[in-house]
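Structural description and commentary
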Amino acid sequence: MSTQIYRSASRAVRSLLSASKNSRFYSEGRTIAAASAVSFTSKAPYISSNYGRTGSGSTHRGWLSGALALPAAAYMLQEQEAHAAELERTFIAIKPDGVQRGLISEIIARFERKGFKLVAIKIVQPSKELAQKHYHDLKERPFFNVLCESLSSSPVVAMVWEGEGVVKYGRKLIGATDPQKSEPGTIRGDLAVFVGRNIIHGSDGPETAKDEINLWFKPDELVNYTSNAEKWIYGDN
């Protein structure tokens, strides 16, 4: 019964959000959500009301759960959407040398162990044109053509990772551009030797991340979901 009520409440919540954002309904969200959780897991007290016959415990429990589920669902939905809005996304690509060396699972595991969430991934054989667009900010550099030829020489694993501070910390996980200057423990510091074969690319800032994600992925290729691990990563449990 409570599951059906909660689902119905969740469907109704979105239509109420825009009309009731500033109401007392939301300011009391935490208290109501807590009360709702209790009502779903314990016996509801006897309540005399017009919603059911006096003494009908099941009717009153259903009414109590229904009364509490809607604001509780609204609160939880707001919390989830607010948390998602705080999270960044970054573009990470395992370059042809990383793919050919069989380092895909190793690199993915490092981002997962940190606590970041994978929201898009695909294997792409980049065209020369795509490589040129990707490195457009380096087109005046003498090594521009070499970079483009290298990126388009073999399949690339393109990914989008999500998490708090993922752009900045993703760069730390990757390490310096020159593997010889990368600290041990970083991806390049542990797995690469030569600057021309540094196995991975990561966006260098939030705006760059947005541009690169849009270049490599269509909007419908990005997935929005809540990981079961997030409450243990961000402390919302």
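Since the model is a prediction, treat every value here as computed from it, not as a measurement. (Residues numbered from 1 in each chain as written. Predicted model: local features only at pLDDT ≥ 70, side-chain atom pairs only at ≥ 80, totals over all residues. Heavy atoms only, no water.)

**Some remarks on the overall build of the protein chain**
Each helix and strand in the protein chain was counted, giving twelve helices and four strands. Looking at the protein chain as a whole, 39% of its 237 residues are labelled buried. Within the protein chain, contacts between residues separated by at least 24 positions form 75% of all contacts whose residues are at least 6 apart in sequence. Carbon and sulfur atoms make up 52% of the accessible area of the protein chain, which amounts to about 14,100 Å² in all. (Helix = DSSP H or I, 4+ residues; strand = E, 2+ residues; numbered from the N terminus. Buried < 20%, exposed > 50% of the residue type's maximum accessible area, 1.4 Å probe, protein only. Contact = heavy atoms within 4.5 Å. Areas by Shrake-Rupley, 256 points an atom, 1.4 Å probe, with all protein chains shown as cover.)

**Things to note about helix α6 (residues 104–114)**
For α6, the set of buried residues is Ile107, Ile108, Arg110 and Phe111. Considered in projection along α6, the buried side chains sweep an arc of 155° and stay on one side of the axis. α6 presents Ser105 and Arg113 as exposed residues on the side facing more than 90 degrees away from its buried surface. Each element contacted by the buried residues of α6 is listed here: β1 (88–94), β2 (117–124), β3 (156–163), α9 (166–174), α10 (187–191) and β4 (200–202). (Arc of directions from axis to C-beta.)

**Here's the deal with the UniProt feature "active site" (unreviewed entry) in the protein chain**
This chain's UniProt record puts "active site" (unreviewed entry) on His201. Exposure remark for His201: the relative accessible area of 14% places this residue in the buried category. His201 has contacts with Phe91, Ile92, Ala93, Lys95, His134, Ile174, Arg188 and Glu212, leaving out every residue within four places of it along the chain. (UniProt positions renumbered as here; feature names shortened; annotations may be inferred.)

**Thoughts on unusual backbone geometry**
With phi around 60°, Ile199 is a residue other than glycine that occupies positive phi space. Counting through the fold element by element, Ile199 comes out in the loop between α10 and β4. The exposure class assigned to Ile199 is buried, which follows from its relative accessible area of 0%.

**Some words on the packing of aromatic side chains**
A full pass over the atoms with the stated rule returns five aromatic pairs. Measuring from ring centre to ring centre gives 6.5 Å for Phe91 and Phe217, while their planes differ by 70°; the resulting arrangement is edge-to-face. Taken as a pair, Phe91 in strand β1 and Phe217 in the loop between α11 (206–216) and α12 (230–234) lie far apart in primary sequence, 126 residues in all. With a relative accessible area of 0%, Phe91 lands in the buried category. (Phe/Tyr/Trp six-rings, centres within 6.5 Å; stacked < 30°, edge-to-face > 60°.)

**Notes on the confidence of the model for the protein chain**
Do not read the fine detail of predicted coordinates wherever pLDDT is low. On average, residues of the protein chain carry a pLDDT of 78, and 63% of them reach 70 or more. Every residue in residues 1–7 is under pLDDT 50, and counting partners more than four places away or in other chains gives nine contacts. Note that pLDDT drops below 50 for residues 13–56; the model gives that stretch 58 contacts with residues more than four away or on any other chain. (pLDDT = per-residue confidence, 0-100.)

**Remarks on the sheet that holds β2**
The pairing of strands in a sheet happens through backbone hydrogen bonds and is either parallel or antiparallel. If you trace the four strands from one edge of the open sheet to the other, you get β2-β3-β1-β4, paired in antiparallel fashion. Of all strands in the sheet, those with a lone pairing partner are β2 and β4, marking the two edges. Strand-to-strand twist in this sheet, taken as the mean axis angle between neighbours without regard to direction, amounts to 20°. Of the strands in this sheet, β1, β2, β3 and β4 touch α11, which is tilted by about 60° from β1. (Pairing = 2+ DSSP bridges. Axes fitted to C-alpha atoms, helices over the stretch in contact; angles between N-to-C directions.)

**Quick word on the side chain of Thr186**
Counting through the fold element by element, Thr186 comes out in the loop between α9 and α10. Owing to a relative accessible area of 10%, Thr186 belongs among the buried residues under this scheme. Among the polar contacts made by the side chain of Thr186, one reaches the main-chain carbonyl oxygen of Glu183 at a distance of 2.7 Å. Setting aside residues up to four positions removed in sequence, Thr186 forms contacts with Arg110, Lys172, Leu173, Ile174 and Gly175. (Polar contact = N/O pair within 3.5 Å; in protein donor to acceptor, adjacent residues only side chain to side chain.)

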